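# Fold and contact review
Residues per chain, in single letters:
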Amino acid sequence: MFDFPIFDMPLVGHRLMFAFDAIVHVFISHGAAVGGSIILVLAQWFAIKNNDRKFDELAYKIFFTFFVLATAVGALTGIGIWIHVNIINPAAIGALLRVFFWKWFIEWIVFNLEMIFLLIWFLTWKARPLGTPGKKSHFKIGLYYAIASWLTMAIITAILGFMMTPGNWLASDFPTKPDYLASLMNPSWIPSLGFRTFFSVIWAASAAMMLSWFFTKQDEELRAQAMRFFGRILAACIIPMIVFGYWYYLQFPQAAKDLFTMGVITRRLIATPELATIVTVALALLSLASMLYLYFKPKKAAVWIALVMFIANAALISEFERVREFVRKPYIIYGYMYANGVRVQDMALLNKEGYLKNAAFVPEEYRNPTATTPPEIRIKTGEYLYQMQCRYCHTINGVNSVKARITNLGIQGNADALYQRIKGLNSAATPFMPPFAGTDEEMKALAAYLATLNAPPSQAAAAAKP
Ligand code: HEC
């Protein structure tokens, strides 16, 4: 954390920016690629089995949409994730690379294969019409594409699982005697992989139902057939998804489970925690009801029913990803590294020797605040500390504005009260914030800076006096 340049993301903040990119990526990777390949392979198998040319053509149209989304939006957001994580938390991505280096390497090769199969399957679909001998081998390419898609997800899910439940890896001695197998076989890997597999298929099937609505305007019989086909796949995945989802939930550390309600809704609504359940259940029911309607009354169903199902599912996925990210706080890798990139094991040293000592990109004069440091230097030092330890989750004026949070507490401009608050950042009331890493003087410098945010300059200068 300390030896990387600082990049501020005003107003929107890093958290929201990254969440947006990552969630769009999940929509595409899970829907268009993993789930999409599975349902389209099934659709092609169905078309071959029944020698159904119309169904084969419909599957191709859906594939076309998935293909464009996967290669354009999927690729953009995928690269976006790499850029984001490197800007936001290079220490965390460094730690993950050290632990998952070869697995990630393999994932990258499999991903290349996935793209090759995807291209061949897509580009040769029209040239291999139903009834020609080439159709069978064409089908096999689709199968390989689905397997490769799933394998890349399996490896990435291992990394995500590791971040939540590093398991026995934590007990092994890294980097001298690391237990790489433990990092892969972490407790939440298999359950989360099962959960993601089934929700990918559900998500893709719901997208296919919506797209079918548009692609079958002229042909009600085909529409009915498509709704039944994709609806059945969707329905078959609900129970396994719930079972895996519950198994996955059981793996979460207790402290993370305690944050669940807050993750679903915001802290300001926490007085009515049942709202979290109501929102989730309502979305699930909405999705289920629209699915059933499309299934049983495909000819009568209006397009908005397909859209409602699609949007409700998108909301559920976003909610899941948000909760998963939120409940892992204050950590980025549970029990190993805090969200601000500070390793748990380094805390004692940093608190003793100072956080800024190691901050290579901070100019020398701001690296050693003492009781006699002049106010301007002190405030600037505090600003660096804010940038390095708080900006992951806060902005000054925008999303989760630290200024607004301080005003809400009624301690604006009050450096002493701010210092006290910083001392107990990781308190029972705010367990999601990492503790401040650094010396007492560094905390005071941060408090001095925060005091300037909502106070007139004269008062701020006074507050900065030691
Ligand atoms: C891991 C994310 C994260 C980090 C890092 C973080 N915060 Fe927060 N902070 C939050 C969240 C989330 C809230 C609660 C927002 C809400 O009330 O909805 C919060 C709330 C606060 C509040 C209001 C607390 C209260 O009791 O109501 C203050 C003050 C604050 N943060 C200061 C800081 C400072 C200073 C830093 C850096 C040293 C920091 N935070 C780092 C996530 C974080």
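It should be noted that the structure appears before, not after, this text.
Everything in this summary refers to the structure shown in the same document.

Reading the values: the criteria
- Residues numbered from 1 in each chain as written.
- Predicted model: local features only at pLDDT ≥ 70, side-chain atom pairs only at ≥ 80, totals over all residues.
- Heavy atoms only, no water.
- Axes fitted to C-alpha atoms, helices over the stretch in contact; angles between N-to-C directions.
- Helix = DSSP H or I, 4+ residues; strand = E, 2+ residues; numbered from the N terminus.
- Parallel < 35°, antiparallel > 145°, perpendicular 65-115°, else oblique.
- Left-handed = near helix turned anticlockwise from the far one by under 90°.
- Contact = heavy atoms within 4.5 Å.
- Nonpolar A, V, L, I, M, F, W, Y, C, P; charged D, E, K, R; others polar.
- Phe/Tyr/Trp six-rings, centres within 6.5 Å; stacked < 30°, edge-to-face > 60°.
- Buried < 20%, exposed > 50% of the residue type's maximum accessible area, 1.4 Å probe, protein only.
- Lys NZ or Arg CZ within 6 Å of the ring centre and 35° of its normal.
- Core = buried A, V, L, I, M, F, W, Y, C linked by side-chain atoms within 4.5 Å.
- Domains from an automatic or database assignment.

The next thing to look at is the packing of helix α2 (residues 53-88) against helix α7 (residues 220-251). It is at 11 Å that the axes of α2 and α7 come closest, and there the two elements cross at 65°. Taken together, the axis directions place α2 and α7 in an arrangement best described as roughly perpendicular. Every pair of crossing elements has a handedness; the one defined by α2 and α7 is right-handed. Of the residues in α7, those touching α2 at Lys 54, Phe 55, Leu 58 and Ile 62 are Leu 222, Gln 225, Ala 226, Phe 229 and Phe 230. Looking at the contact of α2 with α7, its residues break down into seven nonpolar, one polar and one charged.

Here we take up the packing of aromatic side chains. If you walk through the whole model with that rule in mind, you get 44 aromatic pairs. For the pair Trp 213 and Phe 214, a centre-to-centre distance of 5.6 Å together with 80° between the ring planes defines the contact as edge-to-face. Judged by relative accessible area, which is 37%, Phe 214 ranks as partly exposed. One aromatic cluster is present, formed by Tyr 60, Phe 63, Phe 64, Phe 67, Trp 121, Phe 122, Trp 125 and Tyr 145 through successive ring pairs. Stacked on the ring of Tyr 384, the Lys or Arg Lys 380 has its end atom at 5.2 Å from the ring centre.

On to the nonpolar core. Counting 111 residues, the largest nonpolar core has Ile 39, Phe 55, Phe 63, Phe 230, Leu 446 and Leu 450 as its most contacted members. In this structure, this core is formed jointly by two domains, domain 1 (13-338) and domain 2 (355-464), each of which donates at least three residues. Setting aside anything within four residues of it in sequence, one finds Phe 55 in contact with Ala 43, Phe 46, Ala 47, Leu 222, Gln 225, Ala 226 and Phe 229. Within the second largest apolar cluster, 30 residues are counted, among which are Phe 18, Phe 162, Ile 333 and Met 337.

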